[in-house]
Amino acid sequence: MIILGIETSCDETAASIVTGEGEILSNVIFSQIEEHAPYGGVVPEIAARAHLEAIDWVIEKALKDARIEFDQLNGVAATCGPGLIGGVLVGSMTGKAIAAALQIPFIAVNHLEGHALTARLTDQINFPYLLLLASGGHTQLIAIHDIGSYEIVGGTIDDALGEAFDKTAKMLGLGFPGGPMVEKTAAQGILGKYKLPYPLKGRKGANFSFSGLKTAVRQKIEGMPAGKIPFQEKANLCADFQRVVAEIVEDRTINAIEVFKKRYPKGGALVAAGGVAANQAIRSALKKASSTANLPFIVPPPSLCTDNGAMIAWVGIERLTLGCTNELDFKPRPRWPLNEISRYH
Ligand code: KG4
Ligand code: ZN
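**Q** Even after reading the chapter, I still don't get the coordination of the zinc ion (ligand 2), so can you show me in this structure?
**A** Six octahedral donors around a metal ideally make angles of 90 or 180 degrees; four tetrahedral donors ideally make 109.5 degrees. Here the zinc ion (ligand 2) is held by H111 (NE2), H115 (NE2) and D307 (OD), and the distances to it run 2.1 to 2.2 Å. The sequence pattern describing where the donors of the zinc ion (ligand 2) fall on their chain is H-x3-H-x191-D. Pair noted here: H111 is in helix α4 (residues 111-123) and D307 is in the loop between α10 (302-305) and α11 (310-321), with a separation of 196 residues, a long-range link. Exposure class is identical for H111 and D307. Each is buried.

**Q** Would you mind going over the side chain of T19 with me for this structure?
**A** Tracing the chain through its elements places T19 in strand β2 (residues 12-19). Judged by relative accessible area, which is 8%, T19 ranks as buried. Once you skip the residues sitting within four places of it in the chain, T19 turns out to touch M1, L25, W314 and I317.

**Q** Got a minute to help me understand the site of ligand 1 in this structure?
**A** Contacts to ligand 1 come from 19 residues, most closely from G136, D166, G179, E183 and G275. Residue G136 places a main-chain N or O atom 2.9 Å away from an oxygen atom belonging to ligand 1. Measuring from an oxygen atom of ligand 1, one finds a backbone N or O atom of G179 at 2.9 Å. A total of 550 Å² of accessible area belongs to ligand 1 in isolation, and the protein chains cover 89% of it. For the shell around ligand 1, the secondary-structure elements that each account for two or more residues are α4, α5 (161-171) and α6 (178-186). For the shell around ligand 1, the leading source of residues is α6, giving four residues. Its residues assigned to classes, the shell around ligand 1 comprises four nonpolar, 12 polar and three charged.

**Q** Mind showing me how you'd approach α11 here?
**A** Since there are 3.6 residues in each turn of an α-helix, residues three or four apart along the chain are aligned in direction. With 12 residues, α11 should reach 16 Å at 1.5 Å per residue; the first-to-last C-alpha distance of 16 Å fits that figure. Of all 12 residues in α11, 11 are buried; the element is thus mostly enclosed. Of all the residues in α11, the buried ones are A310, M311, I312, A313, W314, V315, G316, I317, E318, R319 and L320. A positive backbone phi angle near 80° is found at G323, which sits one or two residues after α11.

**Q** Can you walk me through the environment of E34 in this structure?
**A** Looking at the element boundaries, E34 is found in helix α1 (residues 33-36). We classify E34 as exposed; its relative accessible area is 74%. For the pair E34 and L196, spaced 162 residues apart in sequence, the C-alpha separation works out to 32 Å.

Procedures and definitions
- Residues numbered from 1 in each chain as written.
- Chains lettered and ligands numbered in written order.
- Predicted model: local features only at pLDDT ≥ 70, side-chain atom pairs only at ≥ 80, totals over all residues.
- Heavy atoms only, no water.
- Donors = N, O, S within 2.8 Å, 3.2 Å for Na, K, Ca; no water.
- Helix = DSSP H or I, 4+ residues; strand = E, 2+ residues; numbered from the N terminus.
- Buried < 20%, exposed > 50% of the residue type's maximum accessible area, 1.4 Å probe, protein only.
- Contact = heavy atoms within 4.5 Å.
- Near = heavy atom within 4 Å.
- Polar contact = N/O pair within 3.5 Å; in protein donor to acceptor, adjacent residues only side chain to side chain.
- Areas by Shrake-Rupley, 256 points an atom, 1.4 Å probe, with all protein chains shown as cover.
- Nonpolar A, V, L, I, M, F, W, Y, C, P; charged D, E, K, R; others polar.
- Expected span 1.5 Å × (residues − 1).

Written as structure tokens, this is what we have:
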């Protein structure tokens, strides 16, 4: 089986060719970061236009890199939500057009399901497992029972974790996207210089809250000389911010594991996905949480944690194997929670 996966839900135009055996034959990612950087965040209109300009050559390159011709494809999988609807329309329409022209199956993919199943592509793990999905728009602990069977154990009641990283970076003038910049800057910081709150840490449940932390970071920055914050102070603040969020993630994950273990006393694993899972401090926190509970910890390589077409192609493979394909009139959705999807959507 050879599947083309297309991803256009945010600011990456991506296409990939993956085989039924899980071999990634190509993985092309065109990042629009430079176009959005002057605005300090993703501008939906700019993103939609940039996807439109890039989509054809990105798909052509994915085929060329994989040494695959269009007529060798057995199916096309494209992100149909959730995400910025302009971009989602560009990718899903292109995918449908290819499927229609080649008369091959089309699979409408939920972007979050792409992140959720990546560990099955990279590490061939079995169901069930507990997933921390942490990206720019989502922070959720999810029990992954089976394809199309997902149960939210905890979620954020305000900001997403990636958003907290991005906002901290923006306030410190570190650039966009913020997560990798905060991590890099934190590496040069000295811990313990700034007292920050730990929202919800030690409380029952597995929910997250980051808005109070964001406010505290803003207040610390407001207390510094405007426009000329020394680099070392930025690094110190990033280090403390990162330590706080890592401790929160560890605490919330331990509680979620408890819930998961009640349902599945034996077996299972802890899996991380989404852009924030590329962060080493978050990875160590999750590793600690999983070893406390004696669960294996699995995290895909950083390049497959952030948005890519391979994870979309893989969902296509999993779904096509089960015979779960979609009609070409499938409607793209800007909002599409993981626990609202089914085998046939
Ligand atoms: O999954 P993703 O690529 O796109 C979304 O679906 O949102 O995640 C992007 C998010 C951004 O907020 C970015 O700052 C964050 O993931 N991120 C990181 C790191 N790399 C990406 N956050 C912390 N540390 C990183 N190394
Ligand atoms: Zn994503």
